[in-house]
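Structural features, examined
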Amino acid sequence: MTPRQSSGRRLVPAYLATGGRAQPSRNTLDRLTLLHGVGMPITSEVRPEEHRILELLEPGALSLAEVAAHLHLPVSVVKVLVADLVDAGRLHARVPIPEAEQFDRQILERVLDGLRSLKS
């Protein structure tokens, strides 16, 4: 985590967590992108902020926005960190499913009811 003063302000600017880079290496990341680790061991080459992201994802998937909230970092900074982890093969990122491609629960329930009626 980034050190903070007692007033709540950062001692180190957030962009330093990315080495001063402002743009992620991939533009497919969204604040709703689901992130989950690949189970690789965390080595010493992983920066502290990246290490914390991987630790947060050990129990299960989180959205990019949730990771940013846990780290107290702006989403734009976390996008850069996540892109680096994805590029290194340490993290999987899945874009949210567009609403048009989501399943309609009522249709699925009708299909299930129909299958149950065929069984009896």
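Everything below is about the structure shown above.
First, a word on scope: everything that follows refers to the structure included in this document. (Residues numbered from 1 in each chain as written. Predicted model: local features only at pLDDT ≥ 70, side-chain atom pairs only at ≥ 80, totals over all residues. Heavy atoms only, no water.)

1. A word on the overall build of the protein chain
Convention followed: In DSSP terms, a helix is any run of H or I states spanning at least four residues, a strand is any run of E spanning at least two, and both are numbered starting from the N terminus. Only protein chains enter the accessibility calculation, which uses a 1.4 Å probe; a residue whose area is less than 20% of its type maximum is buried, one above 50% is exposed, and one in between is partly exposed. Between two residues, a contact is recorded if the distance between any of their heavy atoms is within 4.5 Å.
The number of helices and strands found in the protein chain is four helices and three strands. Counting over 120 residues, the protein chain shows a buried share of 28%. The long-range fraction of contacts in the protein chain, counting pairs at least 24 apart against all pairs at least 6 apart in sequence, stands at 70%.

2. Here's the deal with the packing of helix α1 (residues 48-56) against helix α3 (residues 75-87)
Between two packed helices, both the angle of their axes relative to each other and the distance between the axes serve to describe the pair. This is how it is decided: Whenever a helix is involved, its axis is fitted only over the stretch in contact; in every case the axis is a line through C-alpha atoms, and angles between N-to-C directions fall within 0 to 180 degrees. Small angles under 35 degrees read as roughly parallel and large ones over 145 as roughly antiparallel, with 65 to 115 read as roughly perpendicular and the rest as oblique.
Running from N to C, α1 and α3 cross one another at 75°; their axes reach a closest spacing of 10 Å. It follows from the interaxial angle that α1 and α3 lie roughly perpendicular. Touching Glu 49, Glu 50, Ile 53 and Leu 54 of α1 are Leu 81, Val 82, Asp 84 and Leu 85, all from α3.

3. A look at the pairing of strand β1 (residues 34-37)
As a reminder of what qualifies: Pairing between strands is defined by DSSP: at least two bridges between them are needed.
One ladder, built from two bridges, connects β1 with strand β2 (residues 62-63); its direction is antiparallel. Residue pairing in the sheet places Leu 34 in a bridge with Ser 63 of β2. Sheet analysis places β1 next to strand β3 (residues 91-94), joined by four bridges and oriented antiparallel. Its bridge partner being in β3, Gly 37 is matched across the sheet by Leu 91.

4. Quick notes on the side chain of Ser 63
Secondary-structure assignment places Ser 63 in strand β2. Contact partners of Ser 63, with chain neighbours within four places excluded, come to Arg 31, Leu 32, Thr 33, Leu 34 and Leu 35.

5. So, the pattern of salt bridges
Stated precisely, the cut-off is as follows: For this analysis, a salt bridge means a side-chain nitrogen from Lys or Arg found within 4 Å of a carboxyl oxygen belonging to Asp or Glu.
According to the stated counting rule, one finds six salt bridges in the structure shown. Across the salt bridge formed by Arg 52 and Glu 55, the nearest N and O atoms sit 3.8 Å from each other. In this pair, Arg 52 and Glu 55 are both assigned in helix α1, three residues apart and thus about one turn of the helix distant. For Arg 52, a relative accessible area of 27% translates into the label partly exposed. On the accessibility criterion, Glu 55 (33% relative accessible area) is partly exposed. Overlapping salt bridges bring together Arg 47, Glu 50 and Asp 84 as one network.

6. Regarding a nonpolar patch on the surface
Our working definition: Here the term patch refers to residues with relative accessible area over 30% and no salt bridge, with like charges joined within 9 Å and nonpolar side chains (Val, Leu, Ile, Met, Phe, Trp, Tyr) within 5 Å. All accessible-area figures derive from a Shrake-Rupley calculation using a 1.4 Å probe, and residue coverage is judged against the displayed protein chains alone.
Together, Ile 107, Val 111, Leu 115 and Leu 118 make up a nonpolar patch on the protein surface, roughly 410 Å² of accessible area in all. Structurally, Leu 118 can be placed in helix α4 (residues 105-119).

These results come straight from atomic positions and should not be treated as a statement about function.
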